[in-house]
Amino acid sequence: MPRSLTLSLIAAAMVLAGCANLAPTYERPAAPVPASYSGVAPDGTTATATATATAADIDWRTFFADTKLRSLIELALTNNRDLRVAVLNIEQARAQYRVQDAQTLPTVNAAGSGTAARTPASLTGTGAAITSHQYSANVGVSAYELDLFGRVRNLSAQALEQFLATEQARRTTQISLVAEVTTAYLTWAADLERLALAQETLRSQGDSYKLTQMRFELGAASALTLRQLQTSVESARVDVARYTGQVAQDRNALALLLGTPVPEALAPNALGDSLNALPELPAGVPSDLLLRRPDLLQSEHQLKAATANIGVARAAFYPRISLTATAGSSSTDLSSLFKAGSGSWSFIPQISLPIFDGGANQANLDGAKAAQGIAVAQYEKAIQTAFREVADALVQRSAVGDQLQAQNALVQSSGDVLQMSQARFDRGVDSYLDVLDAQRSWYSARQTLIATRLARLTNGVTLYKALGGGWSAAQS
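Analysis parameters
- Residues numbered from 1 in each chain as written.
- Predicted model: local features only at pLDDT ≥ 70, side-chain atom pairs only at ≥ 80, totals over all residues.
- Heavy atoms only, no water.
- Helix = DSSP H or I, 4+ residues; strand = E, 2+ residues; numbered from the N terminus.
- Buried < 20%, exposed > 50% of the residue type's maximum accessible area, 1.4 Å probe, protein only.
- Contact = heavy atoms within 4.5 Å.
- Areas by Shrake-Rupley, 256 points an atom, 1.4 Å probe, with all protein chains shown as cover.
- Pairing = 2+ DSSP bridges.
- Axes fitted to C-alpha atoms, helices over the stretch in contact; angles between N-to-C directions.
- Phe/Tyr/Trp six-rings, centres within 6.5 Å; stacked < 30°, edge-to-face > 60°.
- Polar contact = N/O pair within 3.5 Å; in protein donor to acceptor, adjacent residues only side chain to side chain.
- pLDDT = per-residue confidence, 0-100.
- Salt bridge = Lys/Arg side-chain N within 4 Å of Asp/Glu carboxyl O.
- Core = buried A, V, L, I, M, F, W, Y, C linked by side-chain atoms within 4.5 Å.
- Patch = residues over 30% accessible without salt bridge, like charges linked within 9 Å, V, L, I, M, F, W, Y side chains within 5 Å.
- Parallel < 35°, antiparallel > 145°, perpendicular 65-115°, else oblique.
- Left-handed = near helix turned anticlockwise from the far one by under 90°.
- Nonpolar A, V, L, I, M, F, W, Y, C, P; charged D, E, K, R; others polar.

Structural notes on the overall build of the protein chain
No. 1: The number of helices and strands found in the protein chain is 10 helices and six strands.
No. 2: Counting all 476 residues of the protein chain, 39% fall into the buried class.
No. 3: Put simply, of all contacts in the protein chain between residues at least 6 apart along the chain, 83% involve residues at least 24 apart.
No. 4: Accessible area for the protein chain stands at about 25,000 Å²; split by element, carbon and sulfur atoms hold 56% of it.

Comments concerning the sheet that holds strand β5 (residues 320-331)
No. 1: Taken in spatial order, the four strands make up an open sheet running β3-β4-β5-β6, and their pairing is antiparallel. Every other strand in the sheet has two partners, leaving β3 (108-119) and β6 (343-352) as the edge strands with one partner each. With strand direction ignored, the average angle separating the axes of adjacent strands in the sheet is 25°.
No. 2: Of the strand pairs in this sheet, β5 and β6 are connected by 10 bridges, and their pairing is antiparallel. From the neighbouring strand, Thr-324 faces β6, where its bridge partner is Ile-348.

Concerning the packing of aromatic side chains
No. 1: One pass over the structure, following the stated rule, counts two aromatic pairs.
No. 2: Look at Tyr-97 and Phe-163: their rings are 6.4 Å apart centre to centre, the planes differ by 5°, and that puts the pair in the stacked class. Here Tyr-97 is found in helix α4 (residues 81-101), whereas its partner Phe-163 is found in helix α6 (residues 151-217), with 66 residues between them in sequence.
No. 3: Judged by centre distance (4.7 Å) and plane angle (25°), the ring pair of Phe-149 and Tyr-318 falls under stacked. Pair noted here: Phe-149 is in the loop between β4 (130-146) and α6 and Tyr-318 is in the loop between α8 (294-315) and β5, with a separation of 169 residues, a long-range link.
No. 4: In this structure Phe-149 comes out as partly exposed when scored by relative accessible area, which is 23%.

Comments concerning the environment of Val-262
No. 1: Within the secondary structure, Val-262 is located in the loop between α7 (223-258) and α8.
No. 2: Taking C-alpha positions, Val-262 is 8.4 Å from Asn-252, a pair spaced 10 residues apart along the chain.
No. 3: In this view, Val-262 contacts Leu-72, Trp-188, Arg-251, Leu-254 and Ala-255; residues no more than four positions away in its chain are not counted.

Structural notes on the pairing of β4
No. 1: Pairing of β3 with β4, which is carried by 12 bridges, proceeds in the antiparallel orientation. Counted as the bridge partner of Gly-114 is Tyr-135 from β4.
No. 2: In this structure, β4 lies alongside β5, joined through 10 bridges in antiparallel fashion. In the strand pairing of β5, Val-139 is matched with Ala-327.

Re the side chain of Glu-145
No. 1: By the element assignment, Glu-145 lies in strand β4.
No. 2: We classify Glu-145 as buried; its relative accessible area is 13%.
No. 3: Of note is the side chain of Glu-145, whose polar atom sits 3.2 Å from the side chain of Arg-320.
No. 4: Beyond its immediate stretch of four places on either side in the chain, Glu-145 contacts Arg-151, Val-152, Arg-320, Ile-321 and Ser-322.

Re the confidence of the model for the protein chain
No. 1: Per-residue confidence for the protein chain averages 81 on the pLDDT scale, and 86% of its residues sit at or above 70.
No. 2: Here strand β2 (residues 46-48) stands out as the element of the protein chain with the lowest mean pLDDT, 39, in contrast to α8, whose mean of 93 is the highest.
No. 3: Considering only residues more than four positions removed or in separate chains, one finds that residues 471-476, a stretch of pLDDT under 50, has 18 contacts.

Section: the pattern of salt bridges
No. 1: According to the stated counting rule, one finds 16 salt bridges in the structure shown.
No. 2: Where Asp-239 meets Arg-242, a salt bridge forms, and the shortest distance between an N and an O atom there is 2.7 Å. Pair noted here: Asp-239 and Arg-242 are both in helix α7, with a separation of three residues, about one helical turn.
No. 3: In this structure, Arg-293 and Glu-389 form a salt bridge, with 2.9 Å as the shortest nitrogen-oxygen distance. In this pair, Arg-293 sits in the loop between α7 and α8 while Glu-389 sits in helix α9 (residues 360-426), placing the two residues 96 residues apart along the sequence.
No. 4: Judged by relative accessible area, Arg-293 falls into the buried class, the value being 5%.

A word on the nonpolar core
No. 1: Judged by nonpolar contacts, the single largest core of 38 residues is most densely connected at Phe-64, Leu-72, Val-181 and Leu-254.
No. 2: When contributions to this core are tallied by element, the ones reaching two or more residues are α2 (60-63), α3 (67-79), α6, α7 and α10 (432-466).
No. 3: The leading source of residues in this core is α6, at 14 residues.
No. 4: With sequence-adjacent residues up to four places away left out, Val-181 is seen in contact with Leu-69, Leu-72, Ile-73, Ala-76, Leu-254, Leu-257 and Leu-258.

Focus on unusual backbone geometry
The general pattern is negative phi for most residues beyond glycine and trans for most peptide bonds.
No. 1: In this structure, Ala-143 is a non-glycine residue whose phi angle is positive, near 50°.
No. 2: Turning to its location among the elements, Ala-143 is positioned in strand β4.

Describing a nonpolar patch on the surface
No. 1: Taken together, the side chains of Leu-353, Ile-355 and Phe-356 define a hydrophobic patch exposed on the protein surface, amounting to about 440 Å² of accessible area.
No. 2: Relative to the helices and strands, Ile-355 is located in the loop between β6 and α9.

A few points about the packing of α6 against α7
No. 1: The contact between α6 and α7 brings their axes to 7 Å, and the two run at 160°. When the axis of α6 is compared with that of α7, the two are roughly antiparallel. Crossing handedness for the pair α6 and α7: left-handed.
No. 2: Among the residues forming the contact of α6 with α7, the class breakdown is 21 nonpolar, 13 polar and eight charged.

Examining the environment of Arg-194
No. 1: As for its position among the elements, Arg-194 is in helix α6.
No. 2: On the accessibility criterion, Arg-194 (13% relative accessible area) is buried.
No. 3: Spatially, the C-alpha atom of Arg-194 lies 8.8 Å from that of Asp-239, the residues being 45 residues apart in sequence.
No. 4: Excluding anything up to four places from it in sequence, Arg-194 contacts Tyr-243, Gln-447, Ile-450, Ala-451 and Leu-454.
No. 5: Within polar-contact distance, the side chain of Arg-194 engages the side chain of Asp-191 at 2.6 Å.

Here it is as structure tokens:
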């Protein structure tokens, strides 16, 4: 067979390859959730958003305006080991896809060989030993499969979808990391504020205790009042010790997320309102925003991979044709290897037709269909989970706003009660026990206010994560 004819056959085989695809046509499953979230607006009416901007369009640098926090997030994105593993997983999946995709093209190899053999005189029949030489140089295609039924293409498509799913997994890891760093930063700031409040209370109660002790020594205060004040001092000292340890743990937790020690210049000062750089979100948002969440995209890519795998399993019922062909030159003399008349070629087509496999191919197909059904259910469950996460965060957002307003009022009123109780005690109307109760109520109210402010801030971070990276300012 002439060399040109061999190359023509290979080209024709490539044209014929992929003329059929037995994989089902992919259709995105309908989202098993309502079309939009509904929420209660501040005026008590039900509101539903109609915005079209997607959560994934908002960069965290825009979303979080605090400069220290942005610097910490930058450190985490550079040094965090979990994110580094996610990036390397992408590189590994990309390499695996390239290996599989290479199967759609023939592999062309060049080979050269030389052999020498000596036949002893006793075996030649001529009475003289014979030494023979053979040299060859060839270019050939080895076992190239004609993809008539899409088996190789579907394997390549499956590998591509797995690679794309890995990329979405990295985005999910990054969004989670940003949210975790932000939450750890806010928690550290809140604990610093709790510690400052406990230290302030300890100083105040310590001063009162010293003053009462002097009055007790002069006979102007009772032993009961002194001991009551002492219990208040010791309680404040316990809180100082507890929050001191908690602040140290907060630093360690943030350092683990960053993958490096926390720079002293980036430590928070307190949980002030200036940390709340999060844009407002409308009471309702369209649920189709969730389809841009990277974890949902990852699940959808895995569903597409499972769909392509059905095509691979179906192709096993059909013949597999592979081609092996070489064209080159052969000669018994190395100097004559490329001279006229030394051309050589070989063409070896092979066909394999399944006849009996004990039901293995059908079992593989049934397994592939079941795997696709599992992937559909997992995709729908992922959507439902994402919907609930956003719905819960929206409900919490409305509730924590009302709670913060009420808690501020409680701090004010408990402070007024403390002032009146102290005044009544100074006039001898009430015992010091009433003052202690008022002090404990005021202290508890202020601690709860810190926790409520933290809950309001972390609720915004939760929404950022639940919506796949934030939301558009056009939605507010």
